[in-house]
Amino acid sequence: APVTALDLSKCRVADLPASAKPTNCCPPKTNKIIEFKLPPPSNILRVRPAAHLANEEYIAKFSKALQLMKSLPDDDPRSFKQQSNIHCAYCDGAYHQVGFPGTELQVHDSWIFFPFHRFYLYFFEKILGTLLDDPAFAILFWNWDSPTDPKNVDEEKQKSRNLTIMYRQVVSGGKMPRLFLGSSYCAGDDPDLGAGSLENIPHGPVHICCGDRTQPNLEDMGNFYSAGWDPIFYGHHANVDRIWTVWKTLGGKRNDFKDPDWLNSEFIFYDENVQLVSVKVKESLDHRKLVYVYQDMQIPWMPIDL
Ligand code: C2O
């Protein structure tokens, strides 16, 4: 059976690292959950640009949107505080699986990693767009898989090593859904059954790198509970999400799972209208149905004959 996370009333104190400031990362409670519906295809297409190519006007708009989000009261599910704590709630044991009260729900290290984070960004983006009153607003992606021109021999070597890693994690090491997307994770399973190749590398190391070494737990980016506090988290995950869209076009057995336990796995999020919605993995699979795309980029780690 699929994992579900629908019982908000049972959200509890997360298991934070010992030296972390106590934080309640559960979202505001409500009794009403509605089922998510895909937006009508007539919605304005949101095009997520590469952060390094976005112009000043775009960056200003993005900052304004974040400001608006930060100025909402903390108990508003659309506030930055609540949005950034979603990561903590879903990653540090605040939710237990419905029907399995002793079993933590964990959105990393398994096949729900990609769909969960896709929805997370989707609602984050829709909320920002609503606050700006701009339905075309799209978040930026951090194009970390595309190196700048090397300035010396060492950089040249590093660049080639990095591109080799990207090729390995996505193409040669991602020949099947289990390898790329992660191991199956079903109702009642203990978490952390195995991450997919991209979640392991470079997703994980990028988190650690962005964390602050002077903080006890590499806050913000280097720890689950605090990663969402840093706006770069959303740019990092947009790139992870973009690479999922690329992987599916590579052919062979590089397709999404067809297993109903995956397709029907469920999460809950507050949407841009402050309604709690339940979403299923199957609704996340085609990003175009969520009416967004990524700016087209050259993919430097892609072999020419693929
Ligand atoms: Cu939920 Cu990048 O981790």
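What counts as what
- Residues numbered from 1 in each chain as written.
- Predicted model: local features only at pLDDT ≥ 70, side-chain atom pairs only at ≥ 80, totals over all residues.
- Heavy atoms only, no water.
- Helix = DSSP H or I, 4+ residues; strand = E, 2+ residues; numbered from the N terminus.
- Rg over C-alpha atoms; globule rule 2.2 N^0.38 Å.
- Buried < 20%, exposed > 50% of the residue type's maximum accessible area, 1.4 Å probe, protein only.
- 1 Å grid on protein atoms, 1.4 Å probe; cavity = no way out; pocket = protein on both sides within 12 Å on 5 of 7 lines; lining within 4 Å.
- Points joined across faces, edges and corners; volume = space filled by probe spheres on them.
- Nonpolar A, V, L, I, M, F, W, Y, C, P; charged D, E, K, R; others polar.
- Phe/Tyr/Trp six-rings, centres within 6.5 Å; stacked < 30°, edge-to-face > 60°.
- Lys NZ or Arg CZ within 6 Å of the ring centre and 35° of its normal.
- Disulfide = S-S within 2.5 Å.
- Salt bridge = Lys/Arg side-chain N within 4 Å of Asp/Glu carboxyl O.
- Core = buried A, V, L, I, M, F, W, Y, C linked by side-chain atoms within 4.5 Å.
- Contact = heavy atoms within 4.5 Å.
- Pairing = 2+ DSSP bridges.

Colleague: Mind showing me how you'd approach the overall build of the chain here?
Modeller: The helix and strand inventory of the chain stands at nine helices and seven strands. In terms of overall size, the chain behaves like a compact globule, its C-alpha atoms giving a radius of gyration of 19 Å where 306 residues would be expected to give roughly 19 Å. By its C-alpha atoms, the chain is 55 × 50 × 45 Å across when sized along the principal axes. Scored against the burial criterion, the 306 residues of the chain give a buried share of 52%.

Colleague: Honestly, the environment of Gly211 in this entry has me stumped. Any pointers?
Modeller: Structurally, Gly211 is set in the loop between helix 6 (197–210) and helix 7 (224–227). When the C-alpha atoms of Gly211 and Ser226 are compared, they prove to be 9.7 Å apart, with 15 residues separating the residues in sequence.

Colleague: How should I be thinking about empty space enclosed by the protein in this particular structure?
Modeller: If you roll a probe as big as a water molecule over the atoms, it shows you where there is empty space left. Under the defined criterion, the tally for this structure stands at one cavity of 30 Å³ or more. What the largest cavity holds in volume is close to 130 Å³. Looking at the largest cavity, it is lined by 15 residues, and the ones nearest its centre are Pro27, Gln82, Ile86, Tyr95 and Tyr270. Listing elements by their share of the lining of the largest cavity, those giving two or more residues are helix 2 (80–91) and strand 5 (266–270). Grouping the constituent residues of the lining of the largest cavity by class yields twelve nonpolar, three polar and no charged.

Colleague: Explain the packing of aromatic side chains to me, please; I cannot follow it from the model alone.
Modeller: The description of an aromatic ring pair rests on the distance of the ring centres and on the angle between the ring planes. In this structure the tally under the stated criterion is 32 aromatic pairs. Plain terms: the ring middles of Phe141 and Tyr294 are 5.5 Å apart, the flat faces sit at 85° to each other, and that makes the pair edge-to-face. Of this pair, Phe141 sits in the loop between helix 3 (113–132) and helix 4 (153–172) while Tyr294 sits in strand 7 (residues 292–294), and the two are 153 residues apart along the sequence. Tyr294 matches Phe141 in its accessibility class, with the two residues each being buried. Above the plane of the ring of Tyr292 lies Arg48, whose end atom (NZ or CZ) is 3.8 Å from the centre.

Colleague: So what exactly am I meant to see when it comes to the state of the cysteines here?
Modeller: Such a bond, covalent and formed between the sulfur atoms of two cysteines, is termed a disulfide. For the structure shown, the criterion picks out two disulfides. There is a disulfide in this structure between Cys11 and Cys26, and the S-S distance comes to 2.1 Å. Here the disulfide of Cys11 and Cys26 is left-handed, its torsion about the S-S bond being about -90°. Linking Cys11 in the segment before strand 1 (33–35) with Cys26 in the segment before strand 1, this pair joins segments that are 15 residues apart in sequence. Residue classification places Cys11 among the buried residues on the basis of a relative accessible area of 9%.

Colleague: What is the right way to read the pattern of salt bridges from this model?
Modeller: Pairing between side chains of opposite charge can happen when the charged atoms of each approach one another. Under the criterion given, the structure shown has twelve salt bridges. Asp76 serves as the salt-bridge partner of Arg78, at 2.8 Å between the closest nitrogen and oxygen. With respect to class, Arg78 is no different from Asp76; both count as buried. Through salt bridges that share partners, Arg46, Arg48, Arg118, Glu125 and Asp241 make up one connected network.

Colleague: Help me understand the nonpolar core, please; the structure alone is not making it clear to me.
Modeller: General note: in soluble globular proteins, nonpolar side chains tend to be found buried as a group. The biggest cluster of nonpolar side chains holds 84 residues, and the ones touching the most others in it are Tyr90, Val170, Phe180, Trp262, Phe267, Phe269 and Trp301. Here this core gets twelve residues from one element, more than from any other, and that element is helix 3. Setting aside its immediate chain neighbours within four residues, Tyr90 contacts Ala5, Tyr95, Leu105, Gln106, Val107, Phe116, Phe267 and Ile268.

Colleague: Mind showing me how you'd approach the environment of Val291 here?
Modeller: Within the secondary structure layout, Val291 lies in the loop between strand 6 (276–280) and strand 7. Classification of Val291 by relative accessible area gives buried; the value is 4%. Those residues in contact with Val291 that lie beyond four places of it in its chain are Pro39, Pro40, Asn43, Ile44, Leu45 and Arg46.

Colleague: Please explain the pairing of strand 6 as it appears in this structure.
Modeller: When a strand is regular, its side chains alternate between the sheet's two faces. Counting buried positions over the five residues of strand 6 gives four, a clear majority of the element. Sheet topology note: the strand 1/strand 6 ladder contains three bridges and is parallel. Counterpart to Glu35 in the pairing with strand 6 is Ser278. When strand 5 meets strand 6, the two strands line up antiparallel, connected through five bridges. Bridge pairing in strand 6 places Phe269 opposite Val277. Joining the antiparallel neighbours strand 5 and strand 6 is a turn of five residues, in which Val274 adopts a positive phi near 60°.

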